[in-house]
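# Fold and contact review
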Amino acid sequence: MSSARTTDVLIVGAGPTGLMLAVVLARLGVDHILVDGKSGPTTESRALGVQARTLEIYEQLGLVDEVLANGTKADAISPGFRKRVFATIPFVILGATFTRYPFMQMFEQNKNEALLGDALRRLGGEVLWNRSLEGLEVAASSVDGADRPVTATLSGGVTVTARYVVGADGASSPVRRMRDIGFEGTTSAHTFYVIDAAEVHGLPDTSINVRLGATDFLLGFPMGQGQDARLVGVVPGELHNSSDAPLRERIAGFGVAWGATRWLSTYQVHHRLAERFRDGPVFLAGDAAHVHSPVGAQGMNTGLQDAHNLACKLADVLQGRADDSYLDRYDAERRPVAKHIIDFTERAFENAITDNRVRRFVVRTLLPVVAPIIAFLMPRVPLGRRVFGYVSQTRIHYPMPPASDARRRRDPVIGRRLPPFDSNHEALRSFTWQVHTYGSVDRASAALVGLPVHAFPTPVGTPLRDGWMYLVRPDGFVAAAGVTAEPLVEALPWHP
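Residues numbered from 1 in each chain as written. Predicted model: local features only at pLDDT ≥ 70, side-chain atom pairs only at ≥ 80, totals over all residues. Heavy atoms only, no water.

### Looking at the pattern of salt bridges
Evaluation of the coordinates by the stated rule reveals 25 salt bridges. As a salt-bridge pair, Asp216 and Arg250 come within 3.1 Å of each other at their nearest N and O atoms. Here Asp216, found in the loop between strand 14 (207–212) and strand 15 (217–224), pairs with Arg250, found in helix 7 (residues 245–252); they are 34 residues apart in sequence, far enough to count as distant. You can call Arg250 partly exposed: its relative accessible area is 24%. Note that Glu333 and Arg329 form a salt bridge whose closest N and O atoms lie 3.0 Å from each other. One end of the pair is Glu333 and the other is Arg329, both in helix 9 (residues 328–353) and four residues apart, which spans about a single turn. Across the pair, Arg329 and Glu333 agree in class, each one buried. Taken together, the salt bridges that share partners define one network made up of Lys313, Arg329, Glu333, Arg473 and Asp475. (Salt bridge = Lys/Arg side-chain N within 4 Å of Asp/Glu carboxyl O. Helix = DSSP H or I, 4+ residues; strand = E, 2+ residues; numbered from the N terminus. Buried < 20%, exposed > 50% of the residue type's maximum accessible area, 1.4 Å probe, protein only.)

See below:
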């Protein structure tokens, strides 16, 4: 590597978030450099679940078939108490109207990294390993639009000058530290374990299992290879990683046993949020911007979606479709999503482990009676579908300008990812701004927007409306809608 290089976007960190960012930028033809201080990709499984919205992004990239072929489908959730399973609720009942992927795919972090790394190489990109960030200087003139406002110093005496820098460098992010961006939050007093276990008995094979105990819990995720599973719960007192005996005894209380331990790790849960996701020409994404508990398998997915969102915006700015202020929308869109997830997972995690008289009464007395009723009703009421939408991240809503338009805030389509119907998601593979029409729409009117127009039949079983046209962004989110071209034109980032 040359000792001095220039690029449009420098990405620091080649985990799932950094790799996703690089792949999308490469697809969009944006010059970038991806560096990481490690010697190579992650080999441990680490994060596990891929949610429906992330599967849709992989579909847009043409990678979803590989994810589905090389992972394990969790097609139901099985809540319970100790050894008792209350019910098994198929995800398809909850999510079939939301997505083509009404399940969670177990596809470990190292597999995500390998998939994205291969995709990046096919696009002509690479990861520069053993290049850690040692310094980051933002030119004072950057506020006036300096062409290369950021200079990064890397290990090995390498410097990179870039228009933008993205810190996808994890919870201890040097980028965040060098820019003095706050990372406030809390740390749980408890220690938790994660076990990749072989030949597991006592759990439904293809379900995500949620078992509560009097003062603890057990989460179980299927991992394929026969009866393998990931087990997550609270560490009982002192535990040395060299022995899993105390955990086997504790988990036996949930009626679960296993053969070999493939991987065991312990950790403390942090809930932290960066005070801003943009600092001039510097951005944060993934764990550098937000960390939270593993409840709901949200962390890796949120980072991948940060990267997808930001890459599309960077391309719009660097290729002249929007000015630099358009990048402010990254913080406006993604930070509230991260905050909501942190708030939710923190409450859920603490409620699962809090030891007080009220919780003991609820868990031991009320839960065994009420929970089976809730499990029976969940697939039959709108609340169940809403919960699936939130957990699968298919209900994410971005505020679309103008923010003063109350109708936009309530609209079931504007500000959300395009609801799947007919073959409309196939059109998203071009990663372009586009217009979609449904039913009886005047194509000449739609053409006035000045973008590719994709026509689809009258919509059924979807919030998309007959006779309406929709402005769809490169990331698949709907920016505007109407029966005429005017509101779509006004929503274009290059519209004066």
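### Brief notes about the packing of aromatic side chains
Throughout the structure, instances matching the rule amount to 12 aromatic pairs. On the numbers, 6.1 Å between centres and 35° between planes, the contact of Phe192 with Tyr267 is tilted. Of this pair, Phe192 sits in strand 13 (residues 183–197) while Tyr267 is found in strand 17 (residues 261–274), placing the two residues 75 residues apart along the sequence. Overall, Tyr267 belongs to the partly exposed group, its relative accessible area being 24%. Each member of the aromatic cluster is reached from another via a ring pair, and the members are Tyr164, Phe277, Phe283 and Tyr330. For the cation-ring pair, Lys73 lies above Phe103, with the distance from its terminal atom to the ring centre recorded as 4.5 Å. Over the aromatic face of Trp468 sits the side chain of Arg465, whose NZ or CZ is 4.3 Å from the ring centroid. (Phe/Tyr/Trp six-rings, centres within 6.5 Å; stacked < 30°, edge-to-face > 60°. Lys NZ or Arg CZ within 6 Å of the ring centre and 35° of its normal.)

### A short note on the nonpolar core
Counting 110 residues, the largest nonpolar core has Leu10, Met20, Tyr58 and Leu314 as its most contacted members. It is helix 8 (residues 299–318) that contributes the most residues to this core, 10 residues altogether. In this structure, Tyr58 is in contact with Met20, Val50, Leu63, Val64, Val67, Asn112, Leu115, Leu116 and Leu304, ignoring residues within four places of it in sequence. Residues Leu48, Leu94, Met223 and Val234 belong to the second largest nonpolar core, which totals 21 residues. (Core = buried A, V, L, I, M, F, W, Y, C linked by side-chain atoms within 4.5 Å. Contact = heavy atoms within 4.5 Å.)

### Some details on empty space enclosed by the protein
Rolled over the atoms, a probe with the dimensions of a water molecule shows which regions are left empty. Tallied over the full model, the rule gives two cavities of 30 Å³ or more. Put simply, the largest cavity is a space of about 50 Å³. Surrounding the largest cavity, Arg53, Glu56, Ile57, Glu59, Gln60, His425, Leu428, Asp475 and Gly476 form its lining. Its residues assigned to classes, the lining of the largest cavity comprises two nonpolar, three polar and four charged. By volume, the second largest cavity amounts to about 30 Å³. Within the residue set of the lining of the second largest cavity, elements represented by two or more residues are helix 2 (52–60) and helix 8. (1 Å grid on protein atoms, 1.4 Å probe; cavity = no way out; pocket = protein on both sides within 12 Å on 5 of 7 lines; lining within 4 Å. Points joined across faces, edges and corners; volume = space filled by probe spheres on them. Nonpolar A, V, L, I, M, F, W, Y, C, P; charged D, E, K, R; others polar.)

### Observations concerning the pairing of strand 16 (residues 228–234)
Most of strand 16 sits inside the fold, with seven of its seven residues counted as buried. The pairing of strand 13 with strand 16 spans six bridges and is classified as antiparallel. Bridging from a neighbouring strand, Tyr193 pairs with Gly233 of strand 16. In this sheet, strand 16 lies alongside strand 15 in antiparallel orientation, the contact comprising six bridges. Across the sheet, the residue bridging to Leu218 is Gly233, located in strand 16. (Pairing = 2+ DSSP bridges.)

Geometric descriptors of this kind do not, in isolation, establish any biological role.
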